[in-house]
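# What the coordinates show
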Amino acid sequence: MNCMFKLAIITSFVFCSLANADIPIFTVEIRDHLFYPSLIKIPADTKIKLIVINTDSSPEEFESYELNREKVIMGGAKATIFIGPLAPGDYPFFGEFNPKTAQGLIRVEQ
Amino acid sequence: MVDAVLLVLREVLEAALIVSLLLALTYKLQLHYRWSIIALVCGFLGSIFLAYYTSAIADAADGRGQELLNVVLYLVVVVCVLWVGFLITSVFVSCIKNKKNNERLIATEKNNPYLLIMLCSVIVSFSLAREGSEIWIYFSSFTIQSQSFYSALIGAAIGIGIGMSLGGITYYLLIFMKEKYFTPGFLVVVTLLSGGLSLQIAKQFMQIGLLDSDGPIWDSSFLVNEKSWVGELLYALFGYDAQPNSVQAYFYLAATLPMLINFLWHWRSLRETSNAKKN
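Residues numbered from 1 in each chain as written. Chains lettered and ligands numbered in written order. Predicted model: local features only at pLDDT ≥ 70, side-chain atom pairs only at ≥ 80, totals over all residues. Heavy atoms only, no water.

Let us now look at empty space enclosed by the protein. Residues and elements named next belong to chain B. Overall, the coordinates contain three cavities of 30 Å³ or more when judged by the stated rule. Each pocket or cavity is described by its volume, and for the second largest cavity that value is around 50 Å³. If you trace the second largest cavity, you find it lined by Glu-14, Leu-193, Gly-196, Leu-197, Gln-200, Tyr-235, Ala-236, Leu-237, Phe-238 and Gly-239. For the lining of the second largest cavity, the secondary-structure elements that each account for two or more residues are helix H8 (179–207) and helix H9 (229–238). In terms of residue class, the lining of the second largest cavity is made up of six nonpolar, three polar and one charged. (1 Å grid on protein atoms, 1.4 Å probe; cavity = no way out; pocket = protein on both sides within 12 Å on 5 of 7 lines; lining within 4 Å. Points joined across faces, edges and corners; volume = space filled by probe spheres on them. Helix = DSSP H or I, 4+ residues; strand = E, 2+ residues; numbered from the N terminus. Nonpolar A, V, L, I, M, F, W, Y, C, P; charged D, E, K, R; others polar.)

Following this line, the structure appears as structure tokens:
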């Protein structure tokens, strides 16, 4: 039973990795509590992989109500967040730990 | 400071509402509140543990560790919440059939009150550990004894105070309710709570790419905006999402359907008993 459970987990990871192999990758950097770039343009109806690199020494939380995503990224670490497929439009995101400065926008275009 | 107030309040609110709900339940059943102290201590220690090992957890499972751990934590709480719902439903129905007061029944029935206390303890400690860890991570970003640290500390104290006050108001509103309104109301809240938590599980799977998110089924932001105070309150208690997608809807159904089937089954049982008595 234990072996079956482990096998199921590994299989799902492998399947997921294979399924996500051809997904477009976008990168955003957190530096001095700001997002670089602050505007990311992605294609509509396409699942993308967003890599968030926190170059600050302090943690930040990538969050977006519109995208329904929320992830803590420790200082000096990076995180991968899958987004979409999304309809055309603007989807803001922010750093919850520094909401006044860390703000960005994902613009979905046809 | 305002950022700290809002951040801490968001994290504390969910835990505070769950604690007040379960404390009100145990008050109504005349069970001692000692379990809550142990659960809160365990939750507090758990939050420190999770915050301390955040980096290791995040790096685990090819960068998916944080989401997978969240899934486990949410799943355990959902199962326990549903179990509490099932226990209370059978107690409530038994009361109606035997026309006894709710308060004494669970101590005299075969249902073990310690099971209920254990479930409540797990719900509270897991919820607090999950929500509290983010507060510790937030504070780790400040240099101790800096101006911003003290400002954030005061903000956090205010946020905790507001959260606990709302929890206290909820508790007293619930305990002053008559039993015939409290129990059905409690069961409705429990059903919605389990649904809300299941939305979080769906969110974790979508975030790591195990499930695909599609467009929203509806947009109720014109009614209640997620960023508003009401929206935050509804999110804390029911996992309110103004733009849910179909994946979230399936998870919501999967979590709430057991309770709905349970209600229907007991309602049918009550009707049969009532018809039998008339005949």
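Further notes follow.
Another point: the interface of chain B and chain A. If you look at the interface, chain B gives 34 residues, while chain A gives 26 residues. Seen at the junction of chain B and chain A, the total is six salt bridges. Between Lys-227 of chain B and Glu-66 of chain A there is a salt bridge whose closest N-O contact spans 2.9 Å. The interface formed by chain B and chain A includes 14 residue pairs in polar contact (both at pLDDT 80 or more). Breaking the side of chain B that touches chain A down by element, the ones donating at least two residues are helix H1 (2–28), helix H3 (54–63), helix H4 (65–98), helix H6 (113–140), H8 and H9 of chain B. (Contact = heavy atoms within 4.5 Å. Salt bridge = Lys/Arg side-chain N within 4 Å of Asp/Glu carboxyl O. Polar contact = N/O pair within 3.5 Å; in protein donor to acceptor, adjacent residues only side chain to side chain.)

With 39 residues, the main nonpolar core has Leu-22, Leu-25, Val-84, Ile-88, Leu-116, Ile-123 and Phe-186 of chain B as its most contacted residues. Put simply, the parts of the chain that give this core at least two residues each are H1, helix H2 (34–52), H4, H6, helix H7 (147–175) and H8 of chain B. For this core, the element with the highest residue contribution is H4 of chain B, accounting for 10 residues. Formed by 22 residues, the second largest nonpolar core is a distinct cluster that contains Ile-42, Ala-44, Leu-50 and Ala-102 of chain A. (Core = buried A, V, L, I, M, F, W, Y, C linked by side-chain atoms within 4.5 Å. Buried < 20%, exposed > 50% of the residue type's maximum accessible area, 1.4 Å probe, protein only.)

We now examine the packing of aromatic side chains. For the structure shown, the criterion picks out 17 aromatic pairs over all chains. Between Tyr-138 of chain B and Phe-142 of chain B, the ring centres sit 5.2 Å apart and the planes meet at 85°, which makes this aromatic pair edge-to-face. Per residue, the accessibility class of Tyr-138 of chain B equals that of Phe-142 of chain B, and both read buried. With 5.8 Å between their ring centres and 25° between their planes, Phe-182 of chain B and Phe-186 of chain B make a pair best called stacked. Of the two residues, Phe-182 of chain B and Phe-186 of chain B both sit in helix H8, four residues apart, roughly one turn of that helix. The structure contains a cluster of three or more aromatic residues connected by ring pairs, namely Phe-97 of chain A together with Tyr-138, Phe-139, Phe-142, Phe-149 and Tyr-150 of chain B. The ring of Tyr-36 of chain A carries the charged tip of Arg-31 of chain A above its face, separated from the ring centre by 4.1 Å. Over the ring of Phe-182 of chain B we find Lys-28 of chain B; its NZ or CZ atom is 5.5 Å from the centre of that ring. (Phe/Tyr/Trp six-rings, centres within 6.5 Å; stacked < 30°, edge-to-face > 60°. Lys NZ or Arg CZ within 6 Å of the ring centre and 35° of its normal.)

Looking now at the environment of His-32 of chain B. Residue and element names in this part refer to chain B. Relative to the assigned elements, His-32 resides in the loop between H1 and H2. When its relative accessible area of 41% is taken as the criterion, His-32 is described as partly exposed. Measuring from C-alpha to C-alpha, the distance between His-32 and Pro-216 comes to 44 Å, with 184 residues separating the pair along the chain. For His-32, the side chain forms a polar contact with the main-chain nitrogen of Arg-34, separated by 3.1 Å.

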